[in-house]
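Understanding the architecture of this molecule
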Amino acid sequence: MHCTEFELTFGDAGRAGLPAAAAQHLSECAACRNLAADIDIIRSAARELAIEPQAAPARVWTNLRAQLRAEGIIREQAPVSSGWDSVLAWLKRPYVAGAYAAMALLAIAVTWQPSNGIEATESASLAGTQMSATQRNLDAMEKAFTSGAAQSTSIVDIALRKNLSVVDNFIAVCEKAVKQEPHNEIARQYLYGAYQQKAELLNTAMEHSLTGEE
Amino acid sequence: MARTRQAGTGELNEAEAIRRAQQGDEFAFEFLYRMHNRRVYALCLRMVGRTAEAEDLTQEAFLQLFRKIGTFRGESAFSTWLHRLSVNVVLMRLRKKQVAESSLEETTEPDEETGGPRRDFGSPDPLLTGSVDRINLQRAVEQLPPGYRAVFELHDVQGYEHNEIADIMGCSIGNSKSQLHKARTRLRELLHEQERDRAREARQAAKEVEQES
């Protein structure tokens, strides 16, 4: 075997896979032994150049996403993927949206008397103790309502109880979202809004039970 | 690498993410990016050596990928397709840079003795034993032509097999082997040149000390 042939064979097979003729040449040719030894050294040093795969900095995705949006490659918002998304999905359901809108209108048009407990948390986030305090206020209001007009069969009371149930469901969804994403300010605002709606609804219900209006 | 991820409404896997990305779904793009960005970024970082440039190239590779994702039909693995794109993006950058740098070097840094580009000929190559460290090798790798460098990086540094490199580079396995051998041989020459430079500098320094005394 000639040196050129050996080089090609060695480049192809490496030291471990050398055929007998190439191994024979290696034992006889000093130049090829040097070549093989040098390549072994290079291969060994090359392994030290390897770096552990690491995530690209967050700005790469931020820039990429902006570019994709600018080019119209991203065409729609992400599908439901988190607790917060489930709040949005819940709001999109037509009957819920209708009920929610109806409650809002009811609260604004009939009896806007927010409780002091709710007002106190209006500008603050609803995390931790504030959330618990709000829940306690609402529970007290609900208890007062259920001990009074809850058994009434009047159309208004039935509608109020139905709306209360809808708001309770919405609160449950919002609470779940806030638990999953406690720092999501928008989720907390929605939860606060849900609590506020419930307070307004209970105020309305209790006022109605006191005045006895149909 | 995990190919699925909990996605709120159920498991999202790579195939589903590709399908949704083809419809312009942002979450799917992000899913694919998060799944593959580590290897792409590592490849870019190894090939160019500078984080800012590696970030730029990673972004460029994914941008090209997502621009073309509508054409992906699954004939090859998605990761192979992405790595091929990434290597191409990096090679294009290196080739542009090489043209700019080599023309600059040739006009501004002539060899002291000949007046032409710096080059050493003649002396027989001694064994490299003990003289190759990370820094020397890295310096030599940076001088390789982009094609050699890519194959060397993929095979000897990152541990890809020749069949994988052939897929990524769009060449035959034989071509990958041949390129690798040429890359190693060229590296050997460059490392010997480095040794000769160091020896020459040592002799020069010794001569200066002798003259001063």
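Numbers given to residues run from 1 along each chain, matching the order in which its sequence is written. Each chain is given a letter, starting from A, and each ligand a number, starting from 1, according to the order in which they appear as written. Local features in this predicted model are restricted to residues whose pLDDT is 70 or higher, and side-chain atom pairs enter the listing and the counts only when it is 80 or higher, whereas totals over whole chains, interfaces and linings include all residues.

With that settled, consider the overall build of chain A. Regarding its fold elements, chain A presents 10 helices and zero strands. The way it works is that DSSP assigns letters per residue, a run of H or I at least four long becomes a helix, a run of E at least two long becomes a strand, and they are numbered from the N terminus. When the helices and strands of chain A are placed in sequence order, the string is α-α-α-α-α-α-α-α-α-α. The exposure label follows from counting other C-beta atoms within 10 Å of a residue's C-beta, where the C-beta atoms are placed from the backbone and the thresholds are 20 or more for buried and 12 or fewer for exposed, leaving partly exposed in between. Within chain A, buried positions represent 27% of all 214 residues.

We now examine helix α3 (residues 30-49) of chain A. Residues and elements named next belong to chain A. Over its 20 residues, α3 extends 29 Å from the first C-alpha to the last, a length consistent with the 28 Å expected when each residue adds 1.5 Å. All buried positions along α3 are accounted for by C32, L35, D38, I39, I42, A45 and A46. The arc that holds every buried residue of α3, seen down its axis, measures 150 degrees, which confines them to one face. Facing away from the buried side of α3 by over 90 degrees, the exposed positions are A30, S44, R47 and E48. The span one expects for a helix is its residue count, reduced by one, times 1.5 Å. Picture the helix axis, draw a direction to every C-beta atom, and the arc is the one those directions span.

A word on the interface of chain B and chain A. Contacts between the two partners involve 42 residues from chain B, matched on the other side by 37 residues from chain A. The set of elements that each furnish at least two residues to the side of chain B that touches chain A consists of α2 (26-48), α3 (51-68), α5 (134-142), α6 (146-157) and α8 (173-212) of chain B. Sorting elements by how many residues they give to the side of chain B that touches chain A places α2(B) first, with 12 residues. Each residue gets one of three labels, nonpolar for Ala, Val, Leu, Ile, Met, Phe, Trp, Tyr, Cys and Pro, charged for Asp, Glu, Lys and Arg, and polar for the others, Gly among them. Taken together, the residues that form the side of chain B that touches chain A break down as 17 nonpolar, 10 polar and 15 charged. Contact between two residues is assigned when their C-beta atoms, built from the backbone, lie within 7 Å.

Structurally, a nonpolar core is described as a collection of buried Ala, Val, Leu, Ile, Met, Phe, Trp, Tyr and Cys residues joined by way of C-beta atoms within 7 Å. Counting residues in each nonpolar core, the largest one holds 63 residues, and the members touching the most others are B:F29, B:L32, B:C44, B:V151 and B:F152. No other element matches the 14 residues that α2(B) contributes to this core. Residues within four places of B:V151 in sequence aside, it is in contact with B:I165, B:M169, B:S176, B:Q179, B:L180 and B:A183. A:L138, A:V167, A:F170 and A:Y195 belong to the second-largest nonpolar core, a separate cluster that totals 20 residues.

Okay, the confidence of the model for chain A next. Residue and element names in this part refer to chain A. Predicted confidence across chain A gives a mean pLDDT of 70, with 62% of residues reaching 70 or more. When the elements of chain A are averaged for pLDDT, helix α6 (residues 94-109) gives the smallest value, 44, and helix α4 (residues 58-70) the largest, 93. Per-residue confidence from the predictor is reported as pLDDT, which spans 0 to 100. Predicted confidence for residues 101-127 stays below pLDDT 50, and this span has 45 contacts to residues more than four positions away or in other chains.

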